[in-house]
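Now for the letters of each chain:
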Number of protein chains: 4
Amino acid sequence: MPGNTIGKSFRVTTWGESHGAAIGCVIDGCPPGMALGEGDIQPDLERRRSGKSRHTTQRRETDTVRILSGTFEGVTTGTPIHLVIENVDQRPRDYTKIKDVFRPAHADYAYHHKYGLRDYRGGGRSSARETAMRVAAGAVAKKYLRERAGILVRGYLAQLGPLCPVAFDWDEVERNPFFCPDPGAAEEMAQFMDTLRKSGDSIGARVDVVASGVPPGLGEPVFDRLDADLAHALMSINAVKGVEIGAGFRVVEMRGTENRDEITPEGFLGNNAGGVLGGISSGQDVRASIALKPTSSLRLPGRGIDVAGNPVEVVTHGRHDPCVGIRATPIAEAMVAIVLMDHYLRHRGQNADVEPAAPVVPASSVVPPAAD
Amino acid sequence: MPGNTIGKSFRVTTWGESHGAAIGCVIDGCPPGMALGEGDIQPDLERRRSGKSRHTTQRRETDTVRILSGTFEGVTTGTPIHLVIENVDQRPRDYTKIKDVFRPAHADYAYHHKYGLRDYRGGGRSSARETAMRVAAGAVAKKYLRERAGILVRGYLAQLGPLCPVAFDWDEVERNPFFCPDPGAAEEMAQFMDTLRKSGDSIGARVDVVASGVPPGLGEPVFDRLDADLAHALMSINAVKGVEIGAGFRVVEMRGTENRDEITPEGFLGNNAGGVLGGISSGQDVRASIALKPTSSLRLPGRGIDVAGNPVEVVTHGRHDPCVGIRATPIAEAMVAIVLMDHYLRHRGQNADVEPAAPVVPASSVVPPAAD
Amino acid sequence: MPGNTIGKSFRVTTWGESHGAAIGCVIDGCPPGMALGEGDIQPDLERRRSGKSRHTTQRRETDTVRILSGTFEGVTTGTPIHLVIENVDQRPRDYTKIKDVFRPAHADYAYHHKYGLRDYRGGGRSSARETAMRVAAGAVAKKYLRERAGILVRGYLAQLGPLCPVAFDWDEVERNPFFCPDPGAAEEMAQFMDTLRKSGDSIGARVDVVASGVPPGLGEPVFDRLDADLAHALMSINAVKGVEIGAGFRVVEMRGTENRDEITPEGFLGNNAGGVLGGISSGQDVRASIALKPTSSLRLPGRGIDVAGNPVEVVTHGRHDPCVGIRATPIAEAMVAIVLMDHYLRHRGQNADVEPAAPVVPASSVVPPAAD
Amino acid sequence: MPGNTIGKSFRVTTWGESHGAAIGCVIDGCPPGMALGEGDIQPDLERRRSGKSRHTTQRRETDTVRILSGTFEGVTTGTPIHLVIENVDQRPRDYTKIKDVFRPAHADYAYHHKYGLRDYRGGGRSSARETAMRVAAGAVAKKYLRERAGILVRGYLAQLGPLCPVAFDWDEVERNPFFCPDPGAAEEMAQFMDTLRKSGDSIGARVDVVASGVPPGLGEPVFDRLDADLAHALMSINAVKGVEIGAGFRVVEMRGTENRDEITPEGFLGNNAGGVLGGISSGQDVRASIALKPTSSLRLPGRGIDVAGNPVEVVTHGRHDPCVGIRATPIAEAMVAIVLMDHYLRHRGQNADVEPAAPVVPASSVVPPAAD
């Protein structure tokens, strides 16, 4: 069974290759009656778009989205929404020389063995270009969550190689090319990237996403827990190798008395749980982190093989991001929004008539986000 | 849409509460013609079973599994396999005092807000008892993978609080109550747990799973990548707060030249990828790690609230594991096996007639497992 | 991908063979807070049960259902409901002589080619015994629909071979062994069946189901239309070879002016549509009909082959229904109820906050049910 | 959960409205390595296209399909195939007068109540225009089935109002505008339609589909039987009110001795089963029939209501088919092909390594197709 659809009640199916004519997605299940135009989607695409600073790939895609169905007179109708972006800066000729080569740490080898052939132009379907449609679909989810459910989904760069933000200011996140909440750290990152780019190497990163205003009750145990579906969605992003909810791997060394977020009528006294208890949202901020590996497309030679099994030296001169984590913040936000939207609708289907059974505790997370 | 089923082609649906009459699962999609009896499942249940050492909960369940359908004359028929385990040591009366209490860091509060009511006996559906059926279903998957696909799925305890194994020996894993690959570390862990238990506190842990013999080609990009589905399955285990594939969060500080696993005709020169490239298995060992939080059921008092919103002091005197990670190894193995089995069948459905297109590189991971 | 689950939001998974230890099902997605006990399910099982009259198979199963999970203190909790019925009158030894035989018009040949082997005892998984669990799950759906949504699902035998009811009285349906709404026709049917049984032959039948009180809005175009999902569910019943919605095949010869159910403020002026417009319920009675083939298990010899491909004469002396349609009414009702329940929850997930946009027309179907 | 996707292993998701910019579909799960170009799809679209004879709507759409993804150098890659057709002859202004009107026997009323609003231009999403994408996706399925599995899917018009073909010639089907296998009957149909068109009325029809070369083993009991999935797919076509497999409703009056298709080493002695036994293909021709209602869009006035609940007289002057059945043959073929393709892959996933267990009986259906 194929895997290009995510979600059960809010379903997103993406299509398209890096150097095909276009990329697109179908969103099925969006509730009717929400105002929606291209202008609601374009800003998030703009945030993800490359070529805005010297720190990202120089491929120049305008990423202009069009809505081809599912709205009428500017309002969603409840029928499938189709979004499309034309590829305008594809240069397939760049890629003929890697046609028969399996580059190290790329999808080439695995795709070739799975399907027996592959579209080698810029990675074809395995290219990070596909994530543009995730951002587009996520923008629709974010809008509904914000307007109808009071849920705000925001992310930031939590680490770039050895560098972490120290100060934390949500407003700052949108002011630098790194989505870094600390202007000082952003400056350091810029210098780090300049040096790195000259060296020809690449670097990993960590991105955090916080969803606030999430009501208690979202998540479908025992398998489709909210945290499990977040892990699925986030790990499905290109280059992601790890996912944490709340305190994540720090729990390994924690004691129970330290880890348990005590509950008082005034609020929770911590958020090590990351807003999820037993796989269901608790009303606290939902917090997730991802680790993104450094790009493997480098001009520093690496060892690979060709389709005949012979050793080859691989040098990449194409246009690539030296740190894919830099543009990953809007993508991670989108995936979190898609999952929350899906669970919002899933929960409502089964439990729309559940009467409030107990008081809701304030979601006063005492832990400041940057320190988490 | 409810969430008690995992898998698309190999589908496992579990049912049952901690203190109900029984727990069970339906496995739909198991290929026909495989010899299967209770004796193939019981050993893994035995590995997970509590009460075998002083380091786990003293609830004494025999966990005797019965196959009620899906086999005929000792062989699978391709129809649904139903497995059932009767609960024999339930003591629901122990739990009436927490009936109206939301314990900190438990699922109580979230379940109550989702469903408006809950089975409070031992956590009801949110109890880790449910994981017994995952182990049972996983044993069926493991058997098929081993016999028909040459895939071996094994796990071990990679960290218990501050303690890590130093030496590594797969045989040792089954010789101590911790699934620890290092006998010396296991001894330290026993002492650590004795001290901890006396203190009344609990501790986190980390478990690693390795699947060897996985052929290249398993995984369904872009959303149902093999790593994404592993993250989903592993994060759905009670108490898990983080999932890593391969180098996991270590990639954040890595450079591309360091991280990329170069390919030579003699094999890959590293396995930072954890056996997954572009969401598809590469033929190397598939490697995943999970972080398990410390149990929140403690006899050391903690702050909670009751259903009316009043503050209460919560003290747990029931039978609980001071480190849920100790018994988590068979559970993590089971989830990895279920995902691999599912993807083995999914891949075959679409690509059964793909001709081998290129030589398969030996899966010679140069990194020893314990150091990874 | 296997096929033993039906429904997306209200999911029913059945397991078990005709002569295994038991049969059962898991219902996932039932809303919480509904009173539910075995006493709510047993009556429908009793309606389907064999051996109550001379017109059905003499296999004597008590069909005693037990709820093993998903309820707490007599109320649904929103977690999976497991229902089980033990098989008490299996006689597997009866079947050894058909072990290597493919009977005409049975599932033997097809199962054998699909799976390479089969449980030949009483048809194994292909036995109509499996439908008991559909009736059990359907009883849960019916109860919710009736109590929470005001929907009533009822069926009746609309034809038995050449015999049709002429009068129509819902109360009469439960008073004769045929679920026939006309006492006179029921008497004729009894005589017809007595003669048929002596002849050793069997006969087909037609069953109609009517769901009243269905609100407008259920159904998910373009593929999961309400009528399409009803067709799927009803055609999945053993022996069913045709499904009609509303006027069904009579529309082939109808003109548009005759067929279109005109709408007035006082109600619809017909129900050729069977309560479904564009795949969505219109608020009128939802009406479906099914055709059931005559049993192929006969004591009159028929030609079959054995597993080696040799011709054999097949004579069936086991216990069988000479008209499977007689007991099909509760099964058909159950499948309609499961589909409506599923769509009730699916619709609510996406559209729970849709404001009533226009007046609802009274569902005054002017056509009397028996004449339809 | 929304419903615009059909299939599990071969998944088709359609999008688009009658008078939007375009319509399209995503096919996910198509096996790689099959040559595919627009030229493989266009001919079936041409067969469904309107405006080719005086007997269909005069809307002139060229229905020119483009493949935007999923192929590389003319061959499928195993990734999602996106097909798109631009709408060129939409005239939305025609429809403003029905903006606030619920026409009898149209989807207007049901859509409005479901979603609270609707795209009223030509029926929006409920328009039969959507079926063009089914035909496009079906052409891909047909090609794979024909080339890789030896399965041929063909349909014909089996009845138009009172008129049935008497002679039967597959070649004739493509020679007249009705897909009628009998040239004499086609001539009668032309006269019938001319008279009907002048009268302003419309008429129903019946279409049969036959799939030959289907191997035994396709279908996933107990719910996703091959016949149940065919019923789902066929009933999801606009205007369909009934589905039959094999002898269909004729079984109601049949005796078991008459209905059972006896098996001999030389072949089956009948095909009342329509090629499906126990929900699994038997190797005989798979045969299905559908009933299509007469169009409700008529220039003869009918009673409807407006959104305020007031009575209105509805007269339709737009471009419509007086018999939707005339163009339904390629659509029905497409839905059958999509289901067979899906089950071909589903079966292979679970049972690819099943050894042939018994000889396959020749599929010599003795019943000539037209008489069935």
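Asks: Honestly, the interface of chain B and chain C in this entry has me stumped. Any pointers?
Replies: Interfaces are often described in size by the accessible area the parts lose on coming together. Taken together, the contact pairs 40 residues of chain B with 40 residues of chain C. The largest share of the area that chain B buries against chain C comes from B:Pro2, B:Trp15 and B:Phe72, three residues that together contribute 18% of it. Inspection of the chain B/chain C interface yields 0 salt bridges. Taken together, the elements giving at least two residues each to the side of chain B that touches chain C come down to β2 (11–16), β3 (22–28), β4 (65–69), β6 (75–76) and α2 (108–115) of chain B. In terms of residue count, the dominant contributor to the side of chain B that touches chain C is β2(B) (5 residues). Here the side of chain B that touches chain C is built from residues that sort into 15 nonpolar, 16 polar and 9 charged.

Asks: What's the story with the relation of the copies chain A and chain B in this structure? I'm lost.
Replies: Here two copies of a chain appear, and what relates them is a rotation about an axis with a shift along it. After a rotation of 180 degrees and a shift along the axis of 0.0 Å, chain A superposes on chain B with an RMSD of 0.0 Å. When the rotation and shift are considered jointly, the pair of chain copies conforms to a two-fold rotation axis. Measuring from the rotation axis to each C-alpha of chain A, the shortest distance belongs to A:His232, at 2.3 Å. Comparing interface residues between copies, 100% of those in chain A also sit at the interface in chain B, which points to an isologous, same-surface contact.

Asks: What's the story with the relation of the copies chain B and chain C in this structure? I'm lost.
Replies: Once turned by 180 degrees and shifted 0.0 Å along the axis, chain B lies on chain C with an RMSD of 0.0 Å. In this assembly the copies share their binding face: 100% of the residues contributing to the interface of chain B also contribute to that of chain C.

Asks: How should I be thinking about the sheet that holds strand β17 (residues 302–306) of chain C in this particular structure?
Replies: Residue and element names in this part refer to chain C. Overall, antiparallel pairing links the 3 strands, which are arranged β8-β17-β18 in an open sheet. Two strands close off the open sheet at either side, each with one partner strand: β8 (101–102) and β18 (311–314). Here 4 bridges tie β17 to β18, and the two strands are oriented antiparallel to one another. Looking at β18, one finds that Gly302 is bridged to Val314.

Asks: Mind showing me how you'd approach the packing of helix α8 (residues 328–351) of chain B against helix α8 (residues 328–351) of chain D here?
Replies: A pair of packed helices is characterised by two quantities: the angle between their axes and the separation of those axes. It is at 7 Å that the axes of α8(B) and α8(D) come closest, and there the two elements cross at 135 degrees. Considering the angle they form, α8(B) stands oblique to α8(D). Here α8(B) and α8(D) pass one another in a crossing that is right-handed. Judged by residue contacts, B:Leu345, B:Arg348, B:Gly349, B:Gln350 and B:Asn351 of α8(B) engage D:Leu345, D:Arg348, D:Gly349, D:Gln350 and D:Asn351 from α8(D). Of the residues contributing to the contact of α8(B) with α8(D), the split by class is 2 nonpolar, 6 polar and 2 charged.

Asks: Please explain unusual backbone geometry as it appears in this structure.
Replies: Apart from glycine, the bulk of residues carry a negative phi angle, and the bulk of peptide bonds sit in the trans form. Residue and element names in this part refer to chain B. The omega angle of the peptide bond from Pro221 to Val222 is 5 degrees, so this bond is cis rather than trans. Among the secondary structure elements, Val222 is positioned in the loop between β10 (205–212) and α6 (226–235). Although it is not a glycine, Glu73 adopts a positive phi angle of roughly 50 degrees. With respect to the secondary-structure elements, Glu73 resides in the loop between β5 (71–72) and β6.

Asks: What should I look at first to understand the pattern of salt bridges in this one?
Replies: For side chains of opposite charge, pairing can occur when their charged atoms come near one another. Following the criterion strictly, the structure yields 112 salt bridges over all chains and no others. As a salt-bridge pair, A:Asp63 and A:Arg129 come within 2.9 Å of each other at their nearest N and O atoms. Within this pair, whereas A:Asp63 is found in the loop between α1 (38–48) and β4 (65–69), its partner A:Arg129 is found in the loop between α2 (108–115) and α3 (131–149), the two being separated by 66 residues in sequence. Residue A:Asp63 is classed as buried on the basis of its relative accessible area, which comes to 1%. Taking the shortest distance from any N to any O, the salt bridge between C:Glu333 and C:Lys142 comes out at 2.6 Å. In this pair, C:Glu333 sits in helix α8 (residues 328–351) while C:Lys142 sits in helix α3 (residues 131–149), placing the two residues 191 residues apart along the sequence. Comparing C:Glu333 with C:Lys142, the two get one shared label, buried.

Asks: I tried to follow the side chain of D:Arg260 on my own but got confused; where do I start?
Replies: Note on placement: D:Arg260 falls in the loop between α7 (256–259) and β12 (263–264). Buried within the structure, D:Arg260 lacks any salt-bridge partner; D:Glu262 is the closest side chain of opposite charge, at an N-O distance of 4.7 Å. Within the structure, the side chain of D:Arg260 is placed 3.0 Å from the backbone oxygen of C:Pro301, a separation counted as a polar contact. Not counting chain neighbours up to four residues away, the residues in contact with D:Arg260 comprise C:Pro104, C:Ala105, C:Ser296, C:Leu298, C:Leu300, C:Pro301 and C:Gly302.

Asks: Can you walk me through α2(B) in this structure?
Replies: Since the α-helix turns once every 3.6 residues, residues separated by three or four places project in the same direction. For α2(B), a buried count of 8 out of 8 residues is recorded, marking the element as mostly surrounded by other parts of the structure. Taken together, the buried positions of α2(B) are occupied by B:Asp108, B:Tyr109, B:Ala110, B:Tyr111, B:His112, B:His113, B:Lys114 and B:Tyr115. Next to the buried residues of α2(B) lie β13 (267–268), β14 (276–277), β15 (280–281) and α8 (328–351) of chain A together with β8 (101–102) and β17 (302–306) of chain B. Just downstream of α2(B) lies B:Gly116, where phi reads positive at about 85 degrees.

Each value, and the rule that gives it
- Residues numbered from 1 in each chain as written.
- Chains lettered and ligands numbered in written order.
- Predicted model: local features only at pLDDT ≥ 70, side-chain atom pairs only at ≥ 80, totals over all residues.
- Heavy atoms only, no water.
- Contact = heavy atoms within 4.5 Å.
- Buried area = accessible area lost by both parts, 1.4 Å probe.
- Salt bridge = Lys/Arg side-chain N within 4 Å of Asp/Glu carboxyl O.
- Helix = DSSP H or I, 4+ residues; strand = E, 2+ residues; numbered from the N terminus.
- Nonpolar A, V, L, I, M, F, W, Y, C, P; charged D, E, K, R; others polar.
- Least-squares fit on C-alpha atoms with pLDDT ≥ 70 in both.
- Pairing = 2+ DSSP bridges.
- Axes fitted to C-alpha atoms, helices over the stretch in contact; angles between N-to-C directions.
- Parallel < 35°, antiparallel > 145°, perpendicular 65-115°, else oblique.
- Left-handed = near helix turned anticlockwise from the far one by under 90°.
- Buried < 20%, exposed > 50% of the residue type's maximum accessible area, 1.4 Å probe, protein only.
- Lys, Arg positive; Asp, Glu negative; His and termini not counted.
- Polar contact = N/O pair within 3.5 Å; in protein donor to acceptor, adjacent residues only side chain to side chain.

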